[in-house]
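Structure at a glance
The primary structure of each chain is shown beneath.
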Amino acid sequence: MRNLLRQGVSFLAVGGVGFVVDLVVFNLLRTSVLANDPIVAKVISTTLAIAVNWIGNRYWTFRSQRRRGSRAQVVREGIEFGVVSAIGSLIALGCLWVSHYGFGFTSLLDDNIATNVIGLALGTAFRFVLYRVWVFGDRRVTVSAEPVELESTSASV
């Protein structure tokens, strides 16, 4: 339970940094070059936040569970992290799309509430569970540098 609590707090701290990156970049883009395209602004800001979160979660939150060993294992972990992050981001994008285009709430404040409050809360819960059980979960097999001895059994017929 203590480890779960530590991971939860670390996850929220890393997510907080990613959130600031996402929020600042989204709002800079939304008030400038992408003023009329909040979806593209959100995709760009979220992609940058995912990179920040990957580093923080890999090296801090789930440091004792991350894959070590071959480059292929690390790449696989990165791909899994990216897939979960992308799906979590689609949750926030879906909230933004429904609010902006479905309900017609188009102000900057409306867009921020839809994506950075509602979408973020739903996506965060989704990501934490899947990072913990799939990406950094115990089901992974890591390569050990030590040889493994197999017991041999002989059966007589």
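Use the structure listed above.
Summarised in this report is the structure supplied together with it. These numbers were taken from a predicted model, which means no experiment stands behind them.

Some remarks on the packing of aromatic side chains
Two descriptors summarise a pair of aromatic rings, namely the distance from one centre to the other and the angle between the planes of the rings. One pass over the full model with this rule turns up eight aromatic pairs. Three or more aromatic residues link up through ring pairs in this structure, and these residues are Phe11, Trp54, Phe62, Phe81, Phe128, Tyr131 and Phe136. Positioned above the aromatic ring of Phe26 is the side chain of Lys42, whose terminal nitrogen or guanidinium carbon lies 5.6 Å from the ring centre. The ring of Tyr59 carries Arg58 above its face, with NZ or CZ at 5.3 Å from the centroid.

Description of the environment of Ser32
Among the secondary structure elements, Ser32 is positioned in the loop between helix H1 (2-30) and helix H2 (38-61). A polar side-chain atom of Ser32 sits 2.5 Å from the main-chain carbonyl oxygen of Leu28.

Comments concerning the side chain of Asn112
By the element assignment, Asn112 lies in helix H4 (residues 108-135). The class for Asn112 is buried, based on a relative accessible area of 13%. Only 2.9 Å separates the side chain of Asn112 from the side chain of Asn27, close enough to count as a polar contact.

Points about the nonpolar core
Counting residues in hydrophobic clusters, the biggest one holds eight residues: Phe11, Phe62, Phe81, Val84, Phe128, Tyr131, Val135 and Phe136. With three residues, H4 is the single largest residue contributor to this core. The contacts of Phe128, once residues within four sequence positions are left out, are Leu4, Gln7, Gly8, Phe11 and Phe62. Formed by six residues, the second largest nonpolar core is a distinct cluster that contains Val25, Leu29, Leu34 and Ala41.

What to know about helix H3 (residues 71-102)
Across its 32 residues, H3 extends 44 Å between first and last C-alpha, which sits within 8% of the 46 Å expected from 1.5 Å per residue. At the exit of H3 stands Gly104, carrying a positive phi of roughly 80°.

Criteria and cut-off values
Residues numbered from 1 in each chain as written. Predicted model: local features only at pLDDT ≥ 70, side-chain atom pairs only at ≥ 80, totals over all residues. Heavy atoms only, no water. Phe/Tyr/Trp six-rings, centres within 6.5 Å; stacked < 30°, edge-to-face > 60°. Lys NZ or Arg CZ within 6 Å of the ring centre and 35° of its normal. Helix = DSSP H or I, 4+ residues; strand = E, 2+ residues; numbered from the N terminus. Polar contact = N/O pair within 3.5 Å; in protein donor to acceptor, adjacent residues only side chain to side chain. Buried < 20%, exposed > 50% of the residue type's maximum accessible area, 1.4 Å probe, protein only. Core = buried A, V, L, I, M, F, W, Y, C linked by side-chain atoms within 4.5 Å. Contact = heavy atoms within 4.5 Å. Expected span 1.5 Å × (residues − 1).

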